[in-house]
Amino acid sequence: MKRSAVRLADGRELIYFDERDDAVREGPDRRELPPPPPASELRYDPLTDEWVAIAAHRQTRTFLPPTDQCPLCPSRPGRSSEIPAYDYDVVVFENRFPSLSDRVGDGTAGYPGGTPFTPTRPGRGRCEVVCFTAEHGTSFAALAPARVRTVVDALADRTAELSALDAVEQVFCFENRGVEIGVTLHHPHGQIYAYPFVPPRTRSMLAAARRHAEATGGRSLYADVLAAERAAGVRVVAANDRWTAYVPAAARWPFEVHLAPHRRVLDIAALNDAERDAFGPLYLDVLRRFDRLFGSRQGTPYIAAWHQAPVRHERELGYLHLQVFTIRRAADKLKYLAGSESAMGVFINDVRPEQAAALLRGA
């Protein structure tokens, strides 16, 4: 894989990850662009001990443009997109409408700001877009295993580089797919958020892992859960020598799968070559099972979320795994986060995890 970094017209970084070593990436960004927006504002919620990002500039971000105006397709003569090249394999670039940024300015002028109980600070961090392919009308599930390997290598590169930034506490790689999820661009892509704090979900998992380690003489909670799921087998959807895909026994979503490496690693950058090669075929298998199960012509809407160890805070308690789930509970029904889920954080699952695993195995 060849890595080539360039700058876009407004100064944002773009990185090509090419599968050919002879690829040349010297074409300039031909657009005239305004400067990127300053970092958002973070406000602390004392009632939940959580940070909320106020990023008003994202209200004007691109929303479901027609195919010939897609900003993630390659540039072509007469029309320049976010990617200057006329073709590419995998590309990562700084989001033009970032929730977090290292461009800290006075973005709160004229606003009342916080209270003694609600301190504020700049939303320092980084948000990046990951384009999986130059082809617009396809999906991650349609990629070849070799391309998935390139994507994993790109995520590993970005995880390592973003983790080295002083302000960053956790790197979160993810993909949103489908208008039901809320995507604003149809082109196959994912995102990376480099948070300046440890997010609530990670803090909760770390607390559980810490309690387990203290009670068991230092054992890894996720490693023990994975071993138990592999031994039980009833919720395992598919597996190979390096990875297992299973439905968690206490799945929140009607159809939710974890993909976990058998060897305990802390982040994507720590995966070895054999693990990176083995991931793609298994993940593609799982995504295609989702599509076959629901028979959706447009593909199943889903969120794929990489849970990595934090950069510094209790990093030793982490265990890398990918959580992928759909908001469908049946081919013609969606799982909405209503009162209990949205207001109280208590999920009510409509499908038994064992049934969901059996349906996915049979798809």
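First, a word on what this report is: a plain description of the structure on this page. (Residues numbered from 1 in each chain as written. Predicted model: local features only at pLDDT ≥ 70, side-chain atom pairs only at ≥ 80, totals over all residues. Heavy atoms only, no water.)

## Let's talk about the overall build of the protein chain
Tallying secondary structure elements over the protein chain gives six helices and 16 strands in all. Relative to the globule expectation of 21 Å for 363 residues, the C-alpha radius of gyration of the protein chain, 21 Å, shows essentially globular dimensions. When its C-alpha atoms are laid out on the principal axes, the protein chain stretches across 60 × 55 × 40 Å. Here the protein chain holds 363 residues, and 51% of them are scored as buried. Expressed as a percentage of contacts within the protein chain between residues at least 6 apart in sequence, the contacts between residues at least 24 apart total 68%. A total accessible area of about 16800 Å² is found for the protein chain, and carbon and sulfur atoms account for 52% of it. The averaged location of the 46 negative side-chain charges in the protein chain is 3 Å from the averaged location of its 46 positive side-chain charges. (Helix = DSSP H or I, 4+ residues; strand = E, 2+ residues; numbered from the N terminus. Rg over C-alpha atoms; globule rule 2.2 N^0.38 Å. Buried < 20%, exposed > 50% of the residue type's maximum accessible area, 1.4 Å probe, protein only. Contact = heavy atoms within 4.5 Å. Areas by Shrake-Rupley, 256 points an atom, 1.4 Å probe, with all protein chains shown as cover. Lys, Arg positive; Asp, Glu negative; His and termini not counted. Charge placed at Lys NZ, Arg CZ, Asp CG, Glu CD.)

## Observations regarding the pairing of strand β4 (residues 50-54)
Looking at chain direction, strand β3 (residues 40-45) and β4 are connected through five bridges and run antiparallel. Looking across to β4, one finds that R43 is bridged to V52. Taking the residues between adjacent antiparallel strands as the criterion, β3 and β4 are bridged by four residues, where D49 takes a positive phi near 60 degrees. (Pairing = 2+ DSSP bridges.)

## Description of the side chain of Q191
Position of Q191 among the secondary structure elements: in strand β9 (residues 189-195). The exposure class assigned to Q191 is buried, which follows from its relative accessible area of 16%. Beyond its immediate sequence surroundings of up to four residues, Q191 is in contact with N95, E128, F172, C173, F174 and N176.

## Quick look at the sheet that holds β4
Taken together, three strands build an open sheet; the order of strands is β4-β3-β6 and the sheet is antiparallel. Two strands bound the open sheet, and with one partner strand each, they are β4 and β6 (120-123). Across the sheet, the axes of successive neighbouring strands diverge by a mean angle of 35 degrees, strand direction being ignored. Pairing geometry for β3 and β6, over four bridges, is antiparallel. When the sheet's bridge partners are listed, L42 is paired in β6 with R121. (Axes fitted to C-alpha atoms, helices over the stretch in contact; angles between N-to-C directions.)

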